[in-house]
Amino acid sequence: MTINCIAIDDEPLALDIIKDYCSKVPFLNLMKTFYNPVDSIDYIAKNKVDLLFLDIQMDKLTGIQFLNALKQKPLTIFTTAYDKYAIKGFELDIVDYLLKPISFERFVKAVDKAFDKIHIQNNIKGETKEIYVTNPTDDFIFVKTEYRFEKVQLSDILYIEGMSDYLRIVTPTKRIMTLINFKKAEDILPQNKFFRVHKSFMVAVDKIENIERNRIKIADQLIPISETYRKSFFEFLDKKKLT
């Protein structure tokens, strides 16, 4: 599968880095780059763009303003030097949020997320996906993904990320995509171990490394805490004597 992408950034050096990184990833086809988001509007309307690498702080139009203005939004990865827009980015349902200077390793993780999402949309749309538990006291679940059931130890789960109608269950060794919603996951997973902190994220409480400025760090991922869930989350932590 090939992912057609474009990049928008008003810094030539930043675009050079994106070009270099894209050339090293076999499934990425970087079709065009733009210094000005306005110049890309006609191109996006006339071409099949699967993925957009988008800077935020630009002179004529910010990346957030530009994304809000698009009628048909490609999957988007923000590339920015500012971390203050992270929560807003996830509210826009972006794929990932890369902070400059961007390492190639972090870039690959971001585009892998886009690959997973496009792959599922293209190949398994309409299939029934579920999470199953054989016994409420079990310490594992079975997750139906593609054409098989995958056994997942609850102790291995780092966090769960929502992607439209899909959930991505992230462990240290794999990412499992399944077509269910957060309500189903919340009904099945132990409420004393997993907590919803954002419309797009549920975290394994024992995997939290630190919490700072309404963001949770788990492994190398920064997960936003939204206002909707902030109060209940910190009340939960207080009961767990973590605050």
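Remember, predicted model here, so these are calculated numbers, not experimental data.

Chemist: Before we move on, could you go through the overall build of the chain and cite the residues and values that matter?
Modeler: Looking only at helices and strands, the chain has 7 helices and 16 strands in total. Each of the 243 residues in the chain was classed as buried or not, and the buried ones make up 48%. Put simply, of all contacts in the chain between residues at least 6 apart along the chain, 51% involve residues at least 24 apart. Summed over all atoms, the accessible surface of the chain reaches about 12,600 Å², with 49% contributed by carbon and sulfur.

Chemist: Give me the sheet that holds strand S1 (residues 3-8): which residues, what numbers.
Modeler: Strand order in the open sheet formed by 5 strands is S2-S1-S3-S4-S5, and the pairing between neighbours is parallel. Looking at the sheet topology across the chains shown, the edges are occupied by strand S2 (28-34) and strand S5 (96-99). Strand after strand, the sheet turns through a mean of 20° between neighbouring axes, direction not considered. In the sheet, S1 pairs with strand S3 (residues 51-54) via 4 bridges, with the strands oriented parallel. For isoleucine 6, the partnering residue across the bridge sits in S3 and is leucine 52. Its contacts with the sheet place helix H1 (residues 12-23) against S1, S2, S3 and strand S4 (75-80), and it is angled at close to 165° to S2.

Chemist: Describe the side chain of threonine 171, and please don't skip the residues or the numbers.
Modeler: Along the chain, threonine 171 falls in the loop between strand S10 (166-170) and strand S11 (175-178). Once residues within four sequence positions are removed from consideration, threonine 171 is found in contact with Val152, Asp156, Ile157 and Leu158.

Chemist: Residues and numbers for the pairing of S3, please.
Modeler: Along S3, one buried face is formed by Leu51 and Phe53 and the opposite face, lined by Leu52 and Leu54, is buried too. In this sheet, S4 lies alongside S3 in parallel orientation, the contact comprising 4 bridges. Residue pairing across strands places leucine 54 opposite phenylalanine 78, the latter belonging to S4. The β-α-β motif built from S3, the intervening helix H3 (residues 63-69) and the parallel element S4 has right-handed crossover chirality.

Chemist: Break down the sheet that holds strand S15 (residues 215-218) for me, citing the residues and quoting the values.
Modeler: As summarised here, the arrangement of the 3 strands in space is S14-S15-S16, forming an open sheet in which the pairing is antiparallel. Because the sheet does not close on itself, it has two edges, and the strands there are strand S14 (210-212) and strand S16 (221-224). For this sheet the average axis-to-axis angle between neighbouring strands, irrespective of direction, equals 30°. Direction of pairing for S14 relative to S15: antiparallel, over a ladder of 3 bridges. Within S15, the position partnered with isoleucine 211 by the bridge is isoleucine 216.

Chemist: Please give an account of the environment of methionine 1 that cites residues and values.
Modeler: By secondary structure assignment, the location of methionine 1 is in the segment before S1. For methionine 1, a relative accessible area of 41% translates into the label partly exposed. Separated by 118 residues in the primary sequence, methionine 1 and histidine 119 place their C-alpha atoms 7.8 Å from one another.

Chemist: If you had to explain the side chain of arginine 215 to someone new, which residues and values would you point to?
Modeler: Inspection of the secondary structure puts arginine 215 in strand S15. With a relative accessible area of 15%, arginine 215 lands in the buried category. When sequence neighbours within four positions are dropped, the list of residues in contact with arginine 215 reads Asp83, Asn210, Leu222, Ile223, Pro224 and Ile225.

Chemist: Outline unusual backbone geometry, listing residues and values.
Modeler: Of note, the bond from lysine 100 into proline 101 is cis; its omega dihedral lies within 30 degrees of zero at -5°. Mapped onto the secondary structure, proline 101 falls in the loop between S5 and helix H5 (104-123). Even without being a glycine, asparagine 214 presents a positive backbone phi close to 60°. Summarising the element assignment, asparagine 214 is placed in the loop between S14 and S15.

Chemist: Help me get a handle on the packing of aromatic side chains, residues and values and all.
Modeler: For the structure shown, the criterion picks out 12 aromatic pairs. Relative to phenylalanine 201, the ring of tyrosine 159 has its centre 6.1 Å away and its plane inclined at 55°; by these criteria the two rings are tilted. With tyrosine 159 in strand S9 (residues 159-163) and phenylalanine 201 in strand S13 (residues 201-204), the pair connects residues that are 42 residues apart, well separated along the chain. No difference in accessibility class separates tyrosine 159 from phenylalanine 201, as the two residues are buried. Consider the rings of phenylalanine 233 and phenylalanine 234, whose centres lie 5.4 Å apart with planes at 65°: the pair is edge-to-face. The exposure class of phenylalanine 234 is partly exposed, given its relative accessible area of 24%. The lysine or arginine in question, lysine 24, covers the ring of phenylalanine 104, its NZ or CZ lying 5.6 Å from the ring centre. The residue whose ring lies beneath lysine 151 is phenylalanine 140, and the NZ or CZ to ring-centre distance is 4.4 Å.

Procedures and definitions
Residues numbered from 1 in each chain as written. Predicted model: local features only at pLDDT ≥ 70, side-chain atom pairs only at ≥ 80, totals over all residues. Heavy atoms only, no water. Helix = DSSP H or I, 4+ residues; strand = E, 2+ residues; numbered from the N terminus. Buried < 20%, exposed > 50% of the residue type's maximum accessible area, 1.4 Å probe, protein only. Contact = heavy atoms within 4.5 Å. Areas by Shrake-Rupley, 256 points an atom, 1.4 Å probe, with all protein chains shown as cover. Pairing = 2+ DSSP bridges. Axes fitted to C-alpha atoms, helices over the stretch in contact; angles between N-to-C directions. Right-handed = clockwise from strand over helix to strand, strands pointing away. Phe/Tyr/Trp six-rings, centres within 6.5 Å; stacked < 30°, edge-to-face > 60°. Lys NZ or Arg CZ within 6 Å of the ring centre and 35° of its normal.

It is worth stressing that arrangement in space is one thing and function is another; only the former is reported here.
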